[in-house]
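Architecture at a glance
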Amino acid sequence: MLRLVCLMPANRGIGSGEERSVSGLRFIELEGVRVNNLRNVSLKIRHNALTVICGVSGSGKSSLAFDTLYAEGQRRYVETFSPSARQFLDRVERPAADRIVGLPPAIAIRQQMRADGPRQTLGTRTEVIDALRILFARAGTLVCPDCGVSAEAASPESAAAMVLSRCENARVVIAATVSVSDGEGSLRIAELIRQGFTRAIVEERTTRLEDLSVADLPASFLVVIDRIKIDRIKADSTTEPRLAEAIGSAMQLFGGDCCVLVDRSLVDRANEQLISEIRIDDANWTQIRFSSQRTCGSCRRRFSQPSPESLSFTSPLGACVTCEGTGVIASNLGRLNAGRTKRGVARSSAVESPCPECRGHRLNKEAVAVRLGDCSLPDVAAMEIGDLISWLSATQRRLSASLQIGLKSAFEHATRRLQFLSDCGLSYLSLDRSMKTLSGGEAQRAMLTTALGSGLISTLYVLDEPTAGLHSSDTQKIIAAVRSLQHQGNTVVIVEHDPDFILAADDVIEIGPGAGDDGGTVVFQGTPAELISANSLTGRKLKQSQDRLATRGESERAEGVARPKQSPEHWLDLTGVRSHNIQNINVRIPLGVFCAVTGVSGSGKSSLIADALYPALCRQLGIDCNTAAEGTIDRIDGAAQIENVVLLDQSPVLRSRRSIPATWIGVFDEIRILLAETHEAKKRNYSRAMFSFNAASGGRCPVCEGRGVVSVAMQFLADIQTTCEECQGRRFRPEVIEIRYRDRSVYDILTMTADEAFAFFNGHHRIQQRLSAVRQIGLGYLRLGQPLNTISGGEAQRLRVAALLAGVPISDGDTSAENRKASKLTQAGRTLFLLDEPSSGLHLQDIDRLLSCIDFLLQTGHSVVVIDHDRSLVSQADWRIEMGPGSGKLGGEVVRSESGF
């Protein structure tokens, strides 16, 4: 019996309004959550509702959603398995909380889950290709790639039926070919005699097995299994079973092959490749060959039975042997860069080209030989999703009733996920499209397909900014898709900054009020309508957004404080741009200003900037971009106005416990140099390597190896991480901690925030310059030694921007000797900064800080081009280029290019 209870949120945040009565609802209840910066948080989340968690970047949203709800849901689910099964599963740490009840099994989709490996395609990411492989393996026909002849496998019953239908009033002999190796003739004959066979056909003569001469025995001969007289008039019910039994015996005992000899020429010679003439005992016979294995009727080439693994380019059974399933081959013999490096040495970079063996479809010839209808698997994978849905429906209707029943789940699985992609506006894509060529919005929707198309119920879905990289026109499609997931009986918790998504939620939880140590509390919990009236940061921003919408119109929605616009004086003129859906267009890119490239997802924004412009400029400026060019540009005019080009793409930040902000922005190297130059360090002959917790030869703690924590194995349960007793979490040996700079040890320095460190290192220009970039982007609260696996997505994105402002290579944050030389890129000369979706993970308040960073770059003589959908950011651009008008084949054109819009 259901209990009707009256409940209210455990935390009545600012503006939560009156106590609301909730009848017949169950909750996820959390008490005393202390994960990362969360401060003893207690709250209740409704089951079967859409709940959005918002707040400034770094406030603790991900700590609540992923590190608490998802982690505990996964841990409990794993612990329901047997111990023998749990040993093969990922171990999940128990979150720090006093009490968590009402938590269902959990699924999470995080932004950093995007995988851009060489074998990752839209089909593999959404798992649709797996269903198609089952369809082709079960219902496909194998066609010999050399002859074009169908390679069929015969069963004893089908072979017997074929013989009876063609051989009226004839004598037939069922035989099988026997191969004899040197020296084994007598043994082979004796074995056949023991099996009950008496006759053989050797060199066109019938003879008894016991009369065969081993010395004159050929390498192969025919052994007679049975002889049957087929008379249509006198035929009885035993003829066909006897014939099938004889053919089955031949196939079973002699490697799957059978030879049926007919004493006359056949009038019906369908499948001519299976039929030949042979002379036996001075008479003409017709030979019909059958095989239980798939065999080409022309060249007799045998093929293994198709399986899902043999149709997969991620398996050695199906992958092209030349490119190993990647579809491309890399060559270091590509054309030299047009320019030269700073040292004047011409450099070449690897050039990827389609594999000549498989022509880019990744599969070997045997896998491509399997056809369903008139299409091979690569043909189907190359179809646009909209066309593929129609093809699946038509193919299912053409199959036999038994195959329709057996393959029903595979058809439903593929159709359901394809329909979701289509509903999300991705009907123009194809399954063979590499994930690394997709835009951020396209990739985000592809990743959602796996979860949203699973059909699970009574599950907790935790999503990380599902609207990241999406145009506002696509947001409503994602909201509708997530709503359908909720209506199936699931609980959906979303970390989101998008105003439309927040307003569409059932409940909103705002974490704050600030970031880092200033966050970690629930400042609001209630409905979106209550949030707009609340005195919280998000509430005030939403109120301002709605006020502007009512007074100024949709085009200026969410616009912040207007910045003074600048007019471009110089331009990059691009002629003949070709990249993915962009086909031979001309584009003008303004320099010295803030230029925003907009358009619906898949319209060609990243193809233009990241895949075509960036590698082309790198070649022209003599810079090694370490990326393969996905596009080409015939000519670039105006590149003399810039000296460097830097790309901040959408590759995720490498997060681990060993990676910290100090190493990411390149200040830890400078700090270690200062510590090594102290009097005490020189006295003990300590080099700067002694102050590294990553070097085995340094001064790191030998017990925890510089991690500060020790993992205790709990066998089949989740490992427990405890503070290292040897170093008390300080990462270093005691003698290293004794070395002090301005009365601060290396541990004390790493526990400083960026704001504290900026004041502490007064007079050290290099350190302060890089810390200033961190403070400018709003991360002054971040501690220098905080592991990057504990920061949020928004903090990670801003940290990349801070590294860019500080001149640190943003590819991996490495501060080695070579990369320190490259770190002067942003300091020397005019640089063109290309930023792909820098607003990802940022709160409306954080967008203002990002704009101030862009203005800083412009004031120092640089140029900024931003690919983004955020309206509050795009509305402040000096120049806007809109790609479109649609997605995929409907895009790839410059719709508008003008100041503002």
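Structure shown above.
All values reported here derive from a predicted model rather than from experimental measurement.

Right, let's talk about the overall build of the protein for a bit. If you tally the helices and strands in the protein, you get 29 helices and 35 strands. The long-range share in the protein, meaning contacts at least 24 apart out of those at least 6 apart in sequence, stands at 69%. For the protein, the accessible surface area stands at approximately 39,400 Å², while carbon and sulfur atoms represent 48% of it.

With 69 residues, the main nonpolar core has Phe594, Ile671, Phe691, Val746, Leu750, Phe761 and Val864 as its most contacted residues. Looking at which element gives the most residues to this core, the answer is helix 26 (residues 793–806), with eight residues. One finds Ala131, Val370, Leu372 and Leu431 within the second-largest nonpolar core, a separate group that totals 47 residues.

On inspection of all chains with the given rule, the structure shows nine cavities of 30 Å³ or more. Looking at the second largest cavity, it is lined by 26 residues, and the ones nearest its centre are Thr467, Asp498, Ser839, His869 and Asp870. Secondary-structure elements contributing two or more residues to the lining of the second largest cavity are helix 14 (472–487), helix 15 (499–504) and helix 29 (871–874). Grouping the amino acids of the lining of the second largest cavity by side-chain chemistry returns six nonpolar, 12 polar and eight charged.

Tallied over the entire structure, the rule returns nine aromatic pairs. Relative to Trp879, the ring of Trp571 has its centre 5.0 Å away and its plane inclined at 85°; by these criteria the two rings are edge-to-face. On the criterion of sequence distance, the pair formed by Trp571 in strand 25 (residues 570–579) and Trp879 in strand 34 (residues 879–884) is long-range, its members being 308 residues apart. Joined through ring pairs, the aromatic side chains of Phe668, Phe693 and Phe732 make up one cluster.

Before going further, it helps to examine the sheet that holds strand 21 (residues 460–464). With respect to topology, six strands assemble into an open sheet ordered 5-21-22-3-23-24, the strand pairing being mixed. Edge strands, defined here as strands with exactly one partner in the open sheet, are strand 5 (106–109) and strand 24 (521–526). Across the sheet, the mean angle separating the axes of adjacent strands is 15° when strand polarity is ignored. Bridge analysis of strand 3 (residues 50–54) against strand 22 (residues 491–495) gives four bridges, and the strand direction is parallel. The partner of Leu50 across the bridge, within strand 22, is Val492. Across the face of the sheet, helix 14 comes into contact with strand 3, strand 21 and strand 22 while running at roughly 145° to strand 22.

Moving on: the packing of helix 5 (residues 156–166) against helix 7 (residues 239–253). With their axes 8 Å apart at the nearest point, helix 5 and helix 7 run at an angle of 125° to one another. Put simply, helix 5 runs oblique to helix 7. Viewed along their axes, helix 5 and helix 7 form a crossing whose handedness is right-handed. Packed against helix 5, whose contacting residues are Pro156, Glu157, Ala159, Ala160, Ala161, Val163 and Leu164, the element helix 7 presents Thr239, Glu240, Leu243, Ala244, Ile247, Gly248 and Met251 at the interface. For the contact of helix 5 with helix 7, the class distribution of residues is 10 nonpolar, two polar and two charged.

Summarising the element assignment, Arg672 is placed in helix 20 (residues 668–676). Through-space distance from the C-alpha of Arg672 to that of Met690 is 8.4 Å; in sequence the pair is 18 residues apart. Look past the residues within four positions of Arg672 in its chain and what remains in contact with it is Arg688, Ala689, Phe691 and Ser692. Within the structure, Arg672 has its side chain in polar contact with the side chain of Asp669 (distance 2.5 Å).

So, about the pairing of strand 11 (residues 220–230). Where burial is concerned, most of strand 11 is hidden: eight out of the 11 residues are buried. In terms of strand pairing, strand 8 (residues 170–179) meets strand 11 through 10 bridges, oriented antiparallel. Its bridge partner lying in strand 11, Ser179 is registered against Ser220. In the sheet, strand 9 (residues 199–202) pairs with strand 11 via two bridges, with the strands oriented antiparallel.

Here the focus is the state of the cysteines. This model, assessed by the stated rule, comprises zero disulfides. Cys323 provides the cysteine sulfur closest to Cys358, a residue in no disulfide bond, and the two sulfurs are 3.7 Å apart. Cysteine Cys701 shares no disulfide, and the gap to the nearest cysteine sulfur, in Cys724, comes to 3.8 Å. Judged by its relative accessible area of 1%, Cys701 falls in the buried class.

Across the six residues of strand 2 (residues 41–46), five count as buried, placing the element largely inside the fold. Two elements, strand 1 (residues 27–33) and strand 2, share five bridges in a ladder whose sense is antiparallel. Along strand 2, the bridge assignment pairs Ile28 with Ile45.

Now for the side chain of Asp846. Its place among the elements puts Asp846 in helix 28 (residues 844–859). Beyond its immediate chain neighbours, meaning those up to four positions away, Asp846 contacts Val56, Ser57 and Arg798.

In this section: unusual backbone geometry. Phi is mostly negative for residues that are not glycine, and the peptide bonds are mostly trans. Here the bond from Gly512 into Pro513 is cis, since omega is 0°, no more than 30 degrees from zero. For Pro513, the location among the structural elements is in the loop between strand 23 (507–512) and strand 24. Positive phi, normally seen in glycine, also occurs at Arg362, with a value near 80°. Among the structural elements, Arg362 can be located in the loop between strand 18 (351–354) and helix 8 (365–368). Here the phi dihedral of Arg742 falls at roughly 55°; this positive angle occurs in a residue that is not glycine. Looking at where Arg742 falls in the secondary structure, it is placed in the loop between helix 22 (734–737) and helix 23 (746–750).

The topology assignment puts Val368 in helix 8. Setting aside residues up to four positions removed in sequence, Val368 forms contacts with His361, Leu363, Ser376 and Pro378.

Evaluation of the coordinates by the stated rule reveals 36 salt bridges. Its salt-bridge partner being Glu127, residue Arg417 comes within 3.2 Å of it at the nearest N-O pair. Here Glu127 lies in the loop between helix 3 (122–126) and helix 4 (128–139) and Arg417 lies in helix 12 (residues 408–423), a separation of 290 residues in the sequence. For Arg417, a relative accessible area of 5% corresponds to the buried category. The class for Glu127 is partly exposed, based on a relative accessible area of 30%. One salt bridge in this structure joins Arg783 and Asp517, with 2.9 Å as the shortest N-O distance. Residue Arg783 is located in the loop between helix 25 (765–776) and helix 26, and its partner Asp517 is located in the loop between strand 23 and strand 24; the two are separated by 266 residues in the primary sequence. When its relative accessible area of 31% is taken as the criterion, Arg783 is described as partly exposed. Take Asp517: its relative accessible area is 40%, and that puts it in the partly exposed class. One salt-bridge network, held together by shared partners, links Glu29, Glu31 and Arg99.

Scoring rules and cut-offs
- Residues numbered from 1 in each chain as written.
- Predicted model: local features only at pLDDT ≥ 70, side-chain atom pairs only at ≥ 80, totals over all residues.
- Heavy atoms only, no water.
- Helix = DSSP H or I, 4+ residues; strand = E, 2+ residues; numbered from the N terminus.
- Contact = heavy atoms within 4.5 Å.
- Areas by Shrake-Rupley, 256 points an atom, 1.4 Å probe, with all protein chains shown as cover.
- Core = buried A, V, L, I, M, F, W, Y, C linked by side-chain atoms within 4.5 Å.
- Buried < 20%, exposed > 50% of the residue type's maximum accessible area, 1.4 Å probe, protein only.
- 1 Å grid on protein atoms, 1.4 Å probe; cavity = no way out; pocket = protein on both sides within 12 Å on 5 of 7 lines; lining within 4 Å.
- Points joined across faces, edges and corners; volume = space filled by probe spheres on them.
- Nonpolar A, V, L, I, M, F, W, Y, C, P; charged D, E, K, R; others polar.
- Phe/Tyr/Trp six-rings, centres within 6.5 Å; stacked < 30°, edge-to-face > 60°.
- Pairing = 2+ DSSP bridges.
- Axes fitted to C-alpha atoms, helices over the stretch in contact; angles between N-to-C directions.
- Parallel < 35°, antiparallel > 145°, perpendicular 65-115°, else oblique.
- Left-handed = near helix turned anticlockwise from the far one by under 90°.
- Polar contact = N/O pair within 3.5 Å; in protein donor to acceptor, adjacent residues only side chain to side chain.
- Disulfide = S-S within 2.5 Å.
- Salt bridge = Lys/Arg side-chain N within 4 Å of Asp/Glu carboxyl O.

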